[in-house]
Structure formats: C-alpha cells, structure tokens
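Architecture at a glance
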Amino acid sequence: MISWRNRLWWVVVGPAAGAALGAVDSIVNHVPVLLGEVGTARAERGGWSQAAEFASLILDAGWAWAAMAVLVGWLVSRSVPLVAGMLRGAVAGGCTLVFATIAYYGVDVIFDGDTWWGRATQYWLIASVSLGPPLGAVGALIQRSGPVGTLAVLLVPAGAALQMVLLPPPPESAMAWPVRLSVWATAAVAAVLIACRTLRPGDPLTTSRWDGELR
C-alpha cells in the first residue's frame, strides 16, 4: 500500500518553499529597521545591514523567484512520466510563487502594520498565478534530453544575467556592484557546467528516462 507521504509529498513542497522565500525576503528587507539604521544612507550603514542589503538585492530580484519555481518544478517531477511531471511542476510552480507572495506581504504587515490586501499584493498574486505554472513546467523539462532540457536548465542563469543588465540594482547601494558581479560570475560558471554536462555521454541531461516515452 502506498502511503500518503509517498503519493502526496510533492503537494507541500511548493507552498513550503514559497513561504520560506517570501518570509526571508521580507525579513532581510527590514534588517535596517531592526538595527535602527533607516535614516542612514544605504552606503553608510553597518556591516550587518550591508550583508542584509546584499541578500535583499538577490532575493528581491525576479530571477530569484523564478529560480525557486523552476527548482520546485524540477524536484516534484523526478521519477514520474513526462506529462505527469509537467503537470506536477506547473501546480507546484504556481503554488510556490503564490505562497511566496502571501508570506512576503504577510511579514511586511508584521513589521509595517499596513493592510495586507493592497494593489501590490493583487498585482504579484496575478503575476504568480500567470508565471508560476510555466516556470514549474520548465523545471520539469530539465530532465528531458537534448536541446529542450539544456535550454530549460539554462533559463535561470541566462535570466539572472540579463536582469543584471536591464534592471540592475540601485546605484546608491554599496552592494550594487558586488551583487551584479556575483550574479554574472555564478551565471557564467553555471552555463559552463551545464554545457560540460550536456556534452558528456551518459549524463542525465543527455540520457533521460523520458527518451523511450518520446520516441
């Protein structure tokens, strides 16, 4: 008999990962408040605030939220057929971003005392429902062989590098350039590693369990 854990464990992955992402993002954004440095210029704040600023610029970026949806989609689609994996990934990806948004603005209410249901919350919930499922499905496609799987796994590093060009961190932050350089370096390393694994015979990215189903 298959236990509930073995059958439905994937249902809780997206909400848990999303809630953790949203809560942590909001908390690091409020570190200067906790340290009483709100009135201090961003570049002149102390070490803890600068570390939180670095984390905040990463976690606030759209590519980081997209990466979580893709990661969760990949996790929940393992060891299942292609169609079921993509459906799981889509559901989990959507839940990830929805719960991330709920948690983010929920923690904001704790710190700021504002109303949770506002225009920003509505906007990002709509974006989460619209973008979460396709991102989760992309995560499921990572396990496919050939160009499709390679493009799926390259989506996040390419998106992260592109966002640092089109929507860079605010220049008044002392962490702006460290964040940009860190993201670019990580994306470049990831791209090289993915390329090497793709070209390696017998690697999961080139030899997929779904090959037989697709032929």
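Residues numbered from 1 in each chain as written. Predicted model: local features only at pLDDT ≥ 70, side-chain atom pairs only at ≥ 80, totals over all residues. Heavy atoms only, no water.

**Regarding the environment of F54**
Mapping F54 onto the fold places it in helix α3 (residues 47–59). Put simply, F54 and M175 are 121 residues apart on the chain and 5.6 Å apart in space, counted from C-alpha to C-alpha. With near-sequence residues (within four places) excluded, F54 lies in contact with M175, P178, V179 and S182. (Helix = DSSP H or I, 4+ residues; strand = E, 2+ residues; numbered from the N terminus. Contact = heavy atoms within 4.5 Å.)

**Notes on the environment of G93**
Within the fold, G93 resides in helix α5 (residues 82–112). Sequence-wise, G93 and A69 are 24 residues apart; in three dimensions their C-alpha atoms are separated by 4.5 Å. Excluding residues within four positions of it along the chain, G93 makes contact with A69, G132, P133 and G136.

**Comments concerning the environment of S49**
Structurally, S49 is set in helix α3. Classification of S49 by relative accessible area gives buried; the value is 3%. The spacing of S49 and G36 is 13 residues in sequence and 10.0 Å in space, taken between C-alpha atoms. Not counting chain neighbours up to four residues away, the residues in contact with S49 comprise V31, P32, L35 and E37. (Buried < 20%, exposed > 50% of the residue type's maximum accessible area, 1.4 Å probe, protein only.)

**Here's the deal with the pattern of salt bridges**
In the structure shown here, the tally under the stated rule is two salt bridges. The closest approach of N and O atoms between R42 and E172, which form a salt bridge, is 3.4 Å. You can see R42 sitting in the loop between α2 (31–34) and α3 and its partner E172 sitting in the loop between α7 (146–166) and α8 (176–199), a full 130 residues away along the chain. By relative accessible area, which is 46% here, E172 ends up partly exposed. The network of salt bridges with shared partners includes R42, E53 and E172. (Salt bridge = Lys/Arg side-chain N within 4 Å of Asp/Glu carboxyl O.)

**Quick word on the confidence of the model for the protein chain**
With 88% of its residues at a pLDDT of 70 or more, the protein chain has an overall mean of 86. Taken as a whole, residues 203–215 scores under 50 in pLDDT and shows 38 contacts with residues more than four places along the chain or in a different chain. (pLDDT = per-residue confidence, 0-100.)

**Considering the nonpolar core**
Across soluble globular proteins, you tend to see nonpolar side chains buried next to one another. Of all hydrophobic cores here, the largest spans 31 residues; its most connected members are W63, W65, L135, V179 and V183. Of all the secondary structure elements, the ones that give two or more residues to this core are α1 (4–29), α3, α4 (62–76), α5, α6 (119–141), α7 and α8. If you tally residues by element for this core, the top one is α4, at seven residues. If we ignore the near neighbours within four places in the chain, the residues touching V179 are F54, L57, I58, M164 and P169. (Core = buried A, V, L, I, M, F, W, Y, C linked by side-chain atoms within 4.5 Å.)

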